[in-house]
Amino acid sequence: MKIIELWKEGKDPTLSFELFPARTEKGTRTLDRVIDKLLLLNPDFVSVTFGAGGSSRSGSFELVRKLQTLKVERILPYVASFGLSSVELEAVIDDYLSLGIDSFLCIRGDEPEETDLGPHPDGFGYASEFINHVAGKYPDSVAFGAAGYPEGHIDADSRESDWDFLKRKVDNGARFLIANYFFDNAFFYQFRDGCAKRGIEVPLIAGIMPIFNVKLLKSLSAKCGASIPESLQAGLAAIDVEDKAAVQQFGMTFARVQCEDLLKNKVDGLHFYTMDKSKSVVAIVEGLREQGYLKKSSH
């Protein structure tokens with residue numbers, strides 16, 4: 001089954017995980033253990049990130065191949081256009097097609113910090129342009145998805161203008177959308193309503209980021225524009241943020257409650273940004289399944 005077929009009418013909400021390639025031998029060994037634990041949850045698909053300018057191109061490709069050897073049926077590679085020419089981007093997609101991959105998440109990607117890498121003169125300034133190019137070049141059997149931002153992209157003038165650009169991505173060929181993570185579900189529901197107003201009718205998957213530690217929470221949220229609501233700040237203030245186990249437990253509980261509400265409100269799917277960690281994600285998913293919010297694993 002192709003990824004896009006997961007959201008046919010009547011299907012259960014999807015469960016998916018994001019992974020990124022390890023950079024060291026130790027990291028690879030750790031990631032292998034994480035993958036083993038996450039795959040026991042039987043996700044509908046697994047995504048693999050891609051560094052801007054192709055900085056993780058070989059690592060991403062090898063991670064996709066590894067997942068295939070582990071019999072992962074549906075894999076969604078990210079392809080970031082920043083810093084690459086149209087020819088280079090086509091070569092990336094063609095390499096994945098040779099492995100039998102049929103779906104891609106097309107993003108612009110961010111400019112890497114502390115490098116001289118800039119936009120490629122023969123590349124694309126926006127993800128909408130990138131999607132328009134590849135959707136026109138490849139057959140309908142290849143599905144391209146895009147990223148959406150419930151609180152608006154950090155570079156956007158406003159949420160409304162960002163969602164207008166999202167409509168352009170869909171009009172140009174994006175067949176499903178994966179949302180950036182958020183901690184206040186109201187943002188996602190407003191985002192979903194904003195998409196509906198613009199005639200966006202493709203599947204819209206909610207991004208979930210468990211809280212692993214406070215430092216990471218603050219740095220990632222500042223970088224991607226995800227706000228930290230007062231309820232979350234108050235919850236963290238009530239515990240010792242230097243106690244890693246306490247923070248992790250709080251994060252698991254917060255995310256599980258958040259996911260319960262999303263599933264009650266008919267979200268198309270949950271996409272976990274795992275940060276190549278398994279403990280929190282496993283606990284959240286198993287809790288949702290025990291309470292009947294997610295379908296049981298067939299494993």
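Keep in mind that what you see is a predicted model, and the values were worked out from it rather than measured.

Asker: Lay out the nonpolar core with the relevant residues and their values.
Answerer: Of all hydrophobic cores here, the largest spans 96 residues; its most connected members are Leu67, Phe104, Phe188, Leu262, Leu270 and Phe272. If one sorts the elements of this core by residue count, helix H9 (residues 244-264) sits on top with eight residues. For Phe272, the residues in contact, after removing those within four places along its chain, are Leu15, Ser16, Phe17, Glu18, Ile208, Pro210, Cys259, Val281, Ile284 and Val285.

Asker: Please set out the packing of H9 against helix H10 (residues 279-290) residue by residue, giving values where relevant.
Answerer: It is the contact of H9 with H10, at a shortest axis distance of 9 Å, that shows an interaxial angle of 40 degrees. Between H9 and H10, the interaxial angle falls into the category oblique. Every pair of crossing elements has a handedness; the one defined by H9 and H10 is right-handed. In this structure, H9 contributes Gln248, Met252, Ala255, Arg256, Cys259, Glu260 and Leu263 to the contact, and H10 contributes Lys279, Ser280, Ala283, Ile284, Gly287 and Leu288. By residue class, the composition of the contact of H9 with H10 is seven nonpolar, three polar and three charged.

Asker: Account for the environment of Asp157, naming residues and giving values.
Answerer: Within the element layout of this structure, Asp157 appears in the loop between strand E5 (143-148) and helix H5 (159-171). As for Asp157 and Lys295, which are separated by 138 residues in sequence, their C-alpha atoms are 39 Å apart.

Asker: I'd like to hear about the sheet that holds strand E4 (residues 103-107), residue by residue, with values.
Answerer: Strand order around the closed barrel formed by eight strands is E1-E2-E3-E4-E5-E6-E7-E8, with parallel pairing between neighbours. Shown here is a sheet whose adjacent strand axes are inclined to one another by a mean of 30 degrees, direction ignored. In this sheet, strand E7 (residues 204-208) lies alongside strand E6 (residues 174-181) in parallel orientation, the contact comprising three bridges. Bridging from a neighbouring strand, Leu177 pairs with Leu204 of E7.

Asker: Can you explain a positive patch on the surface? Please cite residues and give values.
Answerer: On the surface, Lys26, Arg29, Arg33 and Lys37 cluster together to form a positively charged patch. Within the secondary structure, Arg33 sits in helix H1 (residues 25-39). Residue classification places Arg33 among the partly exposed residues on the basis of a relative accessible area of 49%.

Asker: Can you lay out the packing of aromatic side chains for me, pointing to particular residues and giving the numbers?
Answerer: Going through the model one piece at a time under the given rule, you end up with 17 aromatic pairs. Ring centres 6.2 Å apart and planes at 55 degrees place the aromatic pair Phe17 and Phe272 in the tilted group. Separated by 255 residues along the polypeptide, Phe17 in strand E1 (residues 14-19) and Phe272 in strand E8 (residues 269-273) bring together distant segments of the chain. When the centroid spacing of 6.1 Å and the interplanar angle of 35 degrees are considered together, the rings of Phe250 and Phe254 count as tilted. A residue pair is termed a helical-turn pair when its members lie 3 or 4 positions apart in one helix, as Phe250 and Phe254 do in helix H9 at four residues. Each member of the pair, Phe250 together with Phe254, is buried.

The rules behind each value
- Residues numbered from 1 in each chain as written.
- Predicted model: local features only at pLDDT ≥ 70, side-chain atom pairs only at ≥ 80, totals over all residues.
- Heavy atoms only, no water.
- Core = buried A, V, L, I, M, F, W, Y, C linked by side-chain atoms within 4.5 Å.
- Buried < 20%, exposed > 50% of the residue type's maximum accessible area, 1.4 Å probe, protein only.
- Helix = DSSP H or I, 4+ residues; strand = E, 2+ residues; numbered from the N terminus.
- Contact = heavy atoms within 4.5 Å.
- Axes fitted to C-alpha atoms, helices over the stretch in contact; angles between N-to-C directions.
- Parallel < 35°, antiparallel > 145°, perpendicular 65-115°, else oblique.
- Left-handed = near helix turned anticlockwise from the far one by under 90°.
- Nonpolar A, V, L, I, M, F, W, Y, C, P; charged D, E, K, R; others polar.
- Pairing = 2+ DSSP bridges.
- Patch = residues over 30% accessible without salt bridge, like charges linked within 9 Å, V, L, I, M, F, W, Y side chains within 5 Å.
- Areas by Shrake-Rupley, 256 points an atom, 1.4 Å probe, with all protein chains shown as cover.
- Salt bridge = Lys/Arg side-chain N within 4 Å of Asp/Glu carboxyl O.
- Lys, Arg positive; Asp, Glu negative; His and termini not counted.
- Charge placed at Lys NZ, Arg CZ, Asp CG, Glu CD.
- Phe/Tyr/Trp six-rings, centres within 6.5 Å; stacked < 30°, edge-to-face > 60°.

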